[in-house]
Amino acid sequence: MFTRRQALLGAAAATVLAGALPKLASAAPVTEAEIAALPREKVVLVKPPFVHAHEQVATSGPKVVEFTMPIEEKKVVIDDEGTEFQAMTFNGSMPGPMMVVHEGDYVELTLINPYTNTMPHNIDFHAATGALGGGALTLINPGEQVKLRFKATRTGTFVYHCAPEGAMIPWHVVSGMSGTIMVLPRDGLKNEKGEALRYDKIFYIGENDFYVPRDEEGNYKTYESHGESYADTVQVMRGLIPTHVVFNGAKGSLTGDNAMKSKVGETVLIVHSQANRDTRPHLIGGHGDYVWEEGKFANPPAKDLETWFIRGGSAGAALYTFLQPGIYAYVNHNLIEAVELGATAHFMVEGEWRDDLMKQVAAPGPITTN
Amino acid sequence: MHINMLEAAVGAVASLAVPLAAVGLAHLPPRAPLLPMAETVGIAATVIDYPLPGEFLVEGRPATAPSAKVEIPAFRIMKRQVGLADYDLCVAEGACRPADARPSPRDVPVIGVSWLDAQAFAKWYSRGTGARWRLPTALEAAVAAGERFGGETFTAQADDPANPAVRWLRRYREEAAAKRPPDPEPKPFGHYGPNSMGIEDFGGNVWEWTSTCYERVTLAGDRKTAVSSTENCGVHVLEGRHRAYMSNFVRDGKSGGCAVGTPPENLGFRLVRDDADFPSVAWLDARLRGLFRQPSSQF
């Protein structure tokens, strides 16, 4: 036998499950007991530019999604000259891995700072509300771990980064400590008319600006530890001109054997994240069919863009269906940064060529005079 | 016969020298010693089946470079690439621009030099040694490289006439597969060893400039006969692990942006000595030139 109150609660629960009332859910505090009753899902993160398997349209109600990220300080090579760089990473990669949840889900992150590290670290989620994005609740020393939970109340692609304190903040970020979380609407992406948009593949590109000191002869300096590199690096940082602007942690890391692969007719979602500095992605020979420049899905996407602007400290998303096969360069269209500093990736796209879209009507030859 | 010719040459020089002394050049300060002559390897006249450099089109579509049997007269080429130390001497005399090479405690091949830099060095080195030095043609470079000749590693052939992307994708994959871990640091001479002709380091991490211009050729249906061609001497051929084409002023081969090919790791060069068959004449020639050796003198 149901009371009227029980019936109402039941109806409300059903509505929340269907995802129709996420704003109401974020407005009214949910009790710890209610959260404890939610289903839990453990997600294993994968290395960029790939993203862990996820639903585009949620088939169930909100849940608690568990992630674990160890922090790894390590020396990496960031260009084809073999320049060694003292990196700080979330989960061992630059950028840190991408997490995907749905609006109304709870993100529960276990952040681990192993004994092998030398510095305290934390995490500031731009998607989270309060406590400096979680930074004030997650500062851990080597040998410690911490668990943070926040509710994903806004949809979009959001940067996360390390923000320990003061001068450490920019240094940790330009040493590689940033990543992205994508909060999808429960019913998936939509165009400006509210019609569903889907992607066949998702690629996640994190752009890093590095500031590597040089010696008197102009060669990049190598340091034995992060601490030894700090003072010189800050001097270069204060000039605001990076020595490297790269995708996925190193020049050329998304080219050759590691070029991103697609085919004609396939729709890709390209998420581009830059935690520190403005950038302007451009797909040479292609477009952005639907682009959330600011990355926030509550806003209608811009259409048919040639180049899109990603503000430093944000992540954006571009949806594109490949129409023509070939090699596409995906660049930061400050071409000096693309070519000289390293911000170039490649797509290899298989499929049938369409002469109606493009054809070389006459091959190169001597100039005809008549 | 040769000896007679030599005597005739000496006589001619001697007869020239007298009037020069008479007009007062004899009191010039003692000239600086000539530069030591780089060690060379003689290559006998030969015929090779050679994939021509350049870009080839048949019916408006990229075609594989045709091969031709070409006869090459004997020549002498430097055993080693031009070294940073020698190049820096040219820089010190103001005849060459400083290379983009990193300073090195060891004597390593000079890198970070353009075709224009190589030309300037050849001119200075000819003046300093009294021999005629020049860049090899792409053909000579191929012969000297012997079994290490890379040439057109990747065919330009349009695989599918209806779909240009098939070729682009194939070539991209081939280049990615051929790519080795980057190792651009200059290596000491001999690091990559000699080829079967005793020429050192060909096909290492230094690509070598040649005197051959880039050319685009439209071939007839037989894929051999040229119908038309456009030569662009603002771009020259480099030989190395694979063939490359670079603008004359470029000093490094880095790629990026929409250029998706595998770039050469470093740009350098070695020279051919033209008067190899007549060492005595060359020596005389050197003496004669040495007489006028001034920073500004031209030949």
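The rules behind each value
Residues numbered from 1 in each chain as written. Chains lettered and ligands numbered in written order. Predicted model: local features only at pLDDT ≥ 70, side-chain atom pairs only at ≥ 80, totals over all residues. Heavy atoms only, no water. Helix = DSSP H or I, 4+ residues; strand = E, 2+ residues; numbered from the N terminus. Expected span 1.5 Å × (residues − 1). Bend = angle between axes of the 7 residues up to and from the residue. Contact = heavy atoms within 4.5 Å. Patch = residues over 30% accessible without salt bridge, like charges linked within 9 Å, V, L, I, M, F, W, Y side chains within 5 Å. Areas by Shrake-Rupley, 256 points an atom, 1.4 Å probe, with all protein chains shown as cover. Salt bridge = Lys/Arg side-chain N within 4 Å of Asp/Glu carboxyl O. Buried < 20%, exposed > 50% of the residue type's maximum accessible area, 1.4 Å probe, protein only. Pairing = 2+ DSSP bridges. Axes fitted to C-alpha atoms, helices over the stretch in contact; angles between N-to-C directions. Domains from an automatic or database assignment. Buried area = accessible area lost by both parts, 1.4 Å probe. Polar contact = N/O pair within 3.5 Å; in protein donor to acceptor, adjacent residues only side chain to side chain. Nonpolar A, V, L, I, M, F, W, Y, C, P; charged D, E, K, R; others polar. Disulfide = S-S within 2.5 Å.

Participant: Please clarify how helix α5 (residues 226-238) of chain A should be interpreted in this entry.
Facilitator: Two residues of an α-helix separated by three or four positions point the same way, owing to the 3.6 residues in each turn. Residues and elements named next belong to chain A. For α5, built from 13 residues, the straight-helix expectation of 18 Å at 1.5 Å per residue is met to within 8% by its first-to-last C-alpha distance of 18 Å. The largest bend along α5 reaches roughly 35 degrees and is located at D232. Looking at the buried positions of α5, the neighbouring elements they touch are β2 (64-77), β3 (84-90) and α4 (168-174). Downstream of α5 by a residue or two, L240 has a phi angle that is positive, lying close to 65 degrees.

Participant: Whenever I open this one, a nonpolar patch on the surface confuses me. Can you help?
Facilitator: Residues and elements named next belong to chain A. A contiguous nonpolar surface patch, about 290 Å² in accessible area, is contributed by L323, L357 and M358. For L323, the position within the fold is in the loop between β19 (314-321) and β20 (326-332). Under the relative-accessibility criterion, L323 is labelled partly exposed at 41%.

Participant: Mind showing me how you'd approach the environment of L319(A) here?
Facilitator: Residue and element names in this part refer to chain A. Tracing the sequence through the fold places L319 in strand β19. Sequence separation between L319 and D79 is 240 residues, and the spatial gap between their C-alpha atoms is 29 Å. When neighbours within four sequence positions are excluded, L319 is seen to be in contact with L197, R198, Y199, T267, V268, L269, G288, D289, Y290 and W292.

Participant: What's the story with the sheet that holds strand β7 (residues 133-134) of chain B in this structure? I'm lost.
Facilitator: Each strand in a sheet pairs with its neighbour through backbone hydrogen bonds, running either in the same direction (parallel) or in the opposite one (antiparallel). Residues and elements named next belong to chain B. With antiparallel pairing, the 4 strands of this open sheet are ordered in space as β1-β6-β12-β7. Looking at strand neighbours, the two that pair on one side only are β1 (40-43) and β7, the edges of this open sheet. Bridge count for β1 against strand β6 (residues 75-78) is 4 bridges, and the pairing is antiparallel. Considered in β6, the bridge of T40 is made with M78. Sitting on the sheet, helix α4 (residues 138-145) is in contact with β1, β6, β7 and β12 (272-273), with an inclination near 75 degrees to β6.

Participant: Got a minute to help me understand the domain arrangement of chain A in this structure?
Facilitator: As a measure of interface size, the accessible area lost when the parts come together is often cited. Residues and elements named next belong to chain A. Split by domain assignment, chain A resolves into domain 1 (28-185) and domain 2 (203-350). Of note, the centres of domain 1 and domain 2, computed from C-alpha atoms alone, are 20 Å apart. The interface is formed by 44 residues belonging to domain 1 together with 43 residues belonging to domain 2. Buried area between domain 1 and domain 2, both sides added, is near 3,200 Å², and the carbon and sulfur share of it is 66%. The interface formed by domain 1 and domain 2 contains 1 salt bridge. Here domain 1 and domain 2 share 16 residue pairs in polar contact (both at pLDDT 80 or more) between them. Secondary-structure elements contributing two or more residues to the side of domain 1 that touches domain 2 are β2, β3, β8 (156-161), α4 and β9 (178-184). Taken together, the residues of the side of domain 1 that touches domain 2 break down into 26 nonpolar, 11 polar and 7 charged.

Participant: Just checking my understanding: could you explain the pairing of β20(A) for this structure?
Facilitator: Consecutive side chains of a regular strand alternate in pointing toward one face of the sheet and then the other. Residue and element names in this part refer to chain A. In terms of burial, β20 is a largely internal element, 7 of the 7 residues being buried. Note that strand β16 (residues 281-283) and β20 share 3 bridges and pair antiparallel. Bridged to P281 within β20 is N332. In this sheet, strand β21 (residues 344-350) lies alongside β20 in antiparallel orientation, the contact comprising 6 bridges. The residue of β21 that forms the bridge with Y330 is A345.

Participant: Is there a simple way to explain the state of the cysteines in this structure?
Facilitator: Where two cysteines share a covalent bond between their sulfur atoms, that bond is called a disulfide. All names here are of chain B. Counted under the stated rule, the structure contains 2 disulfides over all chains. Shown here is the disulfide that connects C90 with C96, its sulfur atoms set 1.9 Å apart. Disulfide C90 to C96: torsion about the S-S bond roughly 75 degrees, handedness right-handed. With a relative accessible area of 0%, C90 lands in the buried category.

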